[in-house]
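Here's the letter readout for the chains.
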Amino acid sequence: MANINKSKSENLAAMSVILSGILWGMITIFIKNFSAQGIDAMQISLIRMAVAAPIFTLFLLITDKSKLKISPKDSILFIGTGIISVVIFNICYFYTMIHSQASIAVVLLYTSPVFVMILSAIFYREKITKIKLAALLLTVAGCALVAGVFGSGYKLSVSVLLIGLCSGLSYALYTIFGRAALKKYDPMTVTVWTFIFALPASIIVGKPLSTAKAVFSSPKMILLSLGIAVVSTILPYFFYTWGLKRMDNGKASILVAVEPVVGSALGIIVYSEPISVSKAAGILLVLGAVILLNLPQRQKINDNPAKNS
């Protein structure tokens, strides 16, 4: 009976993580609709933060106030997760999606594991293994194919390519700053304070008066604003956190890779984005790199096990 219950719990955790990836991938719909209404990337970021941050904070106030306590000296960590990572990530990711294609934006975003690998080697002295190098090569090749470096199909401008890669870098920085924060705080504490710090930065760059006017201009805009915050921000964070507590990080990282698949599929099916052989191959190469980086690796047995950590 215990094994059956454990199996059910693991299945539910897997479904929860997959669902979070699907919901994150659905952000494509909201970004495209906002863009059609003349809302730019910085304004979309403000809308997302302005709705999600108060809801996250209210949730902790109701459920567990103690998780809202942080040391002032740790503010630098949340400046990192909230401003340097989330705000810049939002703007770069949304900009790339608006000025190219959803399928391209999500693939460039998923270069983040490679940036995590490089940054972890610099800041945490993690070894760059042959598998990690292979994943790096797969990612570079995948991005080149998606960007149209080879062939005569869709060509991505250099500026959009760089901004798209910046979305992957800023997304990776969340892992670097978040890793330090999670040594001291609960995952929900880190999430809430990340959004709290991200909100004022989003207000500064997001033209709050014109954004508020646009949001309340019609019921459709209000629904879109609630949708991007609830459907593609709050719910996936909760589902991912719940599932992550019940499985190992590597498995969760592989399962949540459904996000770029969903984002790409929506771009192709809903918005009639062209799909070429080279683009499809590029998407598969980047996904392959993500999976490769998260496969369990054998640890060599030696006289000093501490060196394997």
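Residues numbered from 1 in each chain as written. Predicted model: local features only at pLDDT ≥ 70, side-chain atom pairs only at ≥ 80, totals over all residues. Heavy atoms only, no water.

(A) Region of interest: the overall build of the protein chain. Secondary structure assignment for the protein chain yields 14 helices and 0 strands. Counting from the amino terminus, the protein chain carries its helices and strands in the arrangement α-α-α-α-α-α-α-α-α-α-α-α-α-α. By residue count, 46% of the 309 residues in the protein chain fall in the buried class. For the protein chain, restricting intrachain contacts to residue pairs at least 6 apart in sequence, the fraction spanning at least 24 positions comes to 86%. Of the accessible surface of the protein chain, which amounts to about 15,400 Å², a share of 70% is contributed by carbon and sulfur atoms. (Helix = DSSP H or I, 4+ residues; strand = E, 2+ residues; numbered from the N terminus. Buried < 20%, exposed > 50% of the residue type's maximum accessible area, 1.4 Å probe, protein only. Contact = heavy atoms within 4.5 Å. Areas by Shrake-Rupley, 256 points an atom, 1.4 Å probe, with all protein chains shown as cover.)

(B) Layout of the pattern of salt bridges. Evaluation of the coordinates by the stated rule reveals 5 salt bridges. For K32, the salt bridge identified is with E273, shortest N-O distance 3.7 Å. Here the residue K32 occupies a position in helix α2 (residues 27-36), and E273 occupies one in the loop between α13 (258-269) and α14 (277-294), the gap between them amounting to 241 residues. A relative accessible area of 19% places K32 in the buried class. A salt bridge links D186 to K67; the nearest nitrogen and oxygen atoms lie 3.7 Å apart. Taken together, the residues span a long stretch of sequence, with D186 in the loop between α8 (158-182) and α9 (187-205) and K67 in the loop between α3 (41-63) and α4 (75-99) at a distance of 119 residues. We classify D186 as partly exposed; its relative accessible area is 24%. Overall, K67 belongs to the partly exposed group, its relative accessible area being 24%. (Salt bridge = Lys/Arg side-chain N within 4 Å of Asp/Glu carboxyl O.)

(C) Molecular detail of the side chain of S103. Inspection of the secondary structure puts S103 in helix α5 (residues 102-109). Overall, the relative accessible area of 0% leaves S103 in the buried class. There is a polar contact of 3.2 Å between the side chain of S103 and the side chain of E273. (Polar contact = N/O pair within 3.5 Å; in protein donor to acceptor, adjacent residues only side chain to side chain.)

(D) Region of the structure containing the packing of α3 against α9. Packing of α3 against α9 leaves a shortest axis separation of 8 Å and a crossing angle of 145 degrees. By crossing handedness, the relation of α3 to α9 is classed as left-handed. For the pair α3 and α9, the contacting residues are M42, S45, L46, M49, A50, A52, A53, F56, T57, F59 and L60 in the first and M188, T189, T191, V192, F195, I196, A198, L199, S202, I203 and V205 in the second. Partitioned by chemical class, the residues of the contact of α3 with α9 number 17 nonpolar, 5 polar and no charged. (Axes fitted to C-alpha atoms, helices over the stretch in contact; angles between N-to-C directions. Left-handed = near helix turned anticlockwise from the far one by under 90°. Nonpolar A, V, L, I, M, F, W, Y, C, P; charged D, E, K, R; others polar.)

(E) Layout of the side chain of T211. Among the structural elements, T211 can be located in helix α10 (residues 208-215). Under the relative-accessibility criterion, T211 is labelled buried at 4%. A polar atom in the side chain of T211 sits 2.7 Å from the backbone oxygen of K207. Those residues in contact with T211 that sit more than four places away from it in its chain are Q43, L46, I47 and G206.

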